[in-house]
Amino acid sequence: MEPLQSLLGDAGIRHFGICRFTDTLPLLECRAKSRIPAGAQSVIVCLFPYYTGESPVANLSKYARVPDYHLVVGDLLKQACLKLRDAFPSEQFAAFADNSPIREVHAARMAGLGVVGMNGLLIHERFGSFCFIGEIVSTLRLPYSAPSSGTCRQCGRCRAVCPGQAFDENGYFLKERCLSFLTQKKGELTGEQRRKIQKSGVIWGCDRCQDICVHNRDLPITDIPAFLEDNVFRIDADLLSRPIDRYAFAYRPKSVLYRNLGIMEDEMCDTTPMVPAPKQENKD
Ligand code: B12
């Protein structure tokens, strides 16, 4: 573990744990699955805290305010892979972040990095849930971390405040109701979905289940320098007139962001019927 700590530390990765590859199965179906090395043994699961403080004027969720984590985390993991390949030339290493066949929340728990909250997110003892997860899958056999046991405090506030009421009565998470999902959804939204977005005042993502969480109090500011640069706090027409490729909200066409901006100004939003009124019979 000691040499690994310094190899990863040199690449800028300070928080990680290791689990067996078999403990991450079954994998999610996605194109990246083909990059898993044959004979994979270990998964080095890494945490990337991204909390940069509060902003009363922000209209996008915290994960999207910082430079795109797919790029930042991707770069850090790539650096780590280069160092690992140098140190262990006969082994294979493949890096993944988000666009990953690994169920990252589950893998992080198995690698001892924290508990799964009632909101379904990984909560680290020190950094709370405002952490991205990325991993390196390898053929190298490594000493495994003890999986995290226990739960969050189970206060249930995250589920109670969910603006999309995404948790059903059995506690199942219905992603199609999650406001984060709705703000990213392409195409037309129903009146009810538009109303939920308008009421939240948020153009991209949703942090309500995290902001309310008792484990997210008094968090330290991220120790990843790239996340402290060029934070965006408001998505507006001026921002959208410029290139936005460096941010995670560029993942969808700009039309989705313009649609969400339009929803904020839509005075009819509150009166749009949730279900179209049944057609009246023609009485003539
Ligand atoms: C698709 C996706 C979404 C979808 C659907 C999310 C979902 N929960 O199904 C949408 C767009 C809604 C979404 C939203 C968000 N996401 Co997302 N998402 C993903 C992605 C790409 C795949 C998740 C997936 O489909 N997993 C499949 C399920 C079966 O596996 P699982 O999530 O591991 O679930 C297991 C356990 O965690 C547990 N579990 C899962 N959910 C729940 C819920 C409860 C109540 C309990 C008790 C247990 C539990 O049981 C499962 C079976 O083992 C992951 C990256 C990845 N590759 O994992 C990021 C990921 C989960 N998302 C992330 C983030 C940051 C978010 C947002 C906070 C972004 C935002 N601010 O708007 C929100 C949070 C919404 C929420 N409360 O989940 C981070 C979470 C980091 C963390 N600390 O946990 C991830 C890991 C991306 C990353 N690389 O950092 N996301």
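Throughout this document, residue positions are counted from 1 along each chain, in the order its sequence is written. In keeping with the predicted nature of the model, local features appear solely for residues at pLDDT of at least 70, side-chain atom pairs appear and are counted solely at 80 or more, and the whole-chain, interface and lining totals rest on all residues. The basis for every side-chain value is the complete set of non-hydrogen atoms in the structure, without hydrogens or water.

**Focus on the packing of aromatic side chains**
So, point 1. Each aromatic pair joins two rings of Phe, Tyr and Trp (for Trp, the six-membered one) with centres within 6.5 Å, and gets the label stacked for planes under 30 degrees apart, edge-to-face for over 60, and tilted for any other angle. The final tally for this structure, using the stated rule, is ten aromatic pairs.
So, point 2. Taking the centre distance of 4.1 Å and the plane angle of 20 degrees together, the rings of Tyr50 and Phe132 count as stacked. Taken together, the residues Tyr50 in the loop between β2 (42-49) and α2 (62-65) and Phe132 in strand β6 (residues 131-138) connect sequence positions 82 residues apart.
So, point 3. Each residue gets one of three labels from its accessible area relative to the maximum for its type: buried under 20%, exposed over 50%, partly exposed in between, using a 1.4 Å probe on protein chains only. Judged by its relative accessible area of 4%, Tyr50 falls in the buried class. Secondary structure elements are taken from DSSP: a helix is a run of H or I of four residues or more, a strand is a run of E of two residues or more, and numbering for both begins at the N terminus.

**Re unusual backbone geometry**
So, point 1. Look at the link from Leu25 to Pro26: it is a cis peptide, with omega at 0 degrees.
So, point 2. Relative to the helices and strands, Pro26 resides in the loop between β1 (15-20) and β2.
So, point 3. Positioned with a positive phi, Asp218 is a non-glycine residue whose angle comes to about 50 degrees.
So, point 4. The topology assignment puts Asp218 in the loop between α8 (208-211) and α9 (237-240).

**A closer look at the nonpolar core**
So, point 1. If you look at the biggest cluster of nonpolar residues, it comprises 47 residues, and the most contacted ones within it are Ile44, Phe48, Phe132, Trp204, Phe227, Ile235 and Phe249.
So, point 2. Considering each element in turn, this core owes the most residues, eight residues, to helix α3 (residues 69-87).
So, point 3. Note that the domain bounds reflect an automated or database-derived domain assignment. Here this core spans two domains, since at least three of its residues come from each of domain 1 (2-138) and domain 2 (164-205 + 235-264).
So, point 4. In this structure, Ile235 is in contact with Asn59, Leu60, Ile203, Trp204, Leu240, Phe249, Leu257 and Leu261, ignoring residues within four places of it in sequence.
So, point 5. Put simply, buried Ala, Val, Leu, Ile, Met, Phe, Trp, Tyr and Cys residues joined by side-chain atoms within 4.5 Å make one nonpolar core. If you look at the next biggest cluster of nonpolar residues, it comprises 22 residues, including Leu27, Val43, Phe127 and Val137. Contacts between residues were defined by any pair of non-hydrogen atoms, one from each residue, lying within 4.5 Å.

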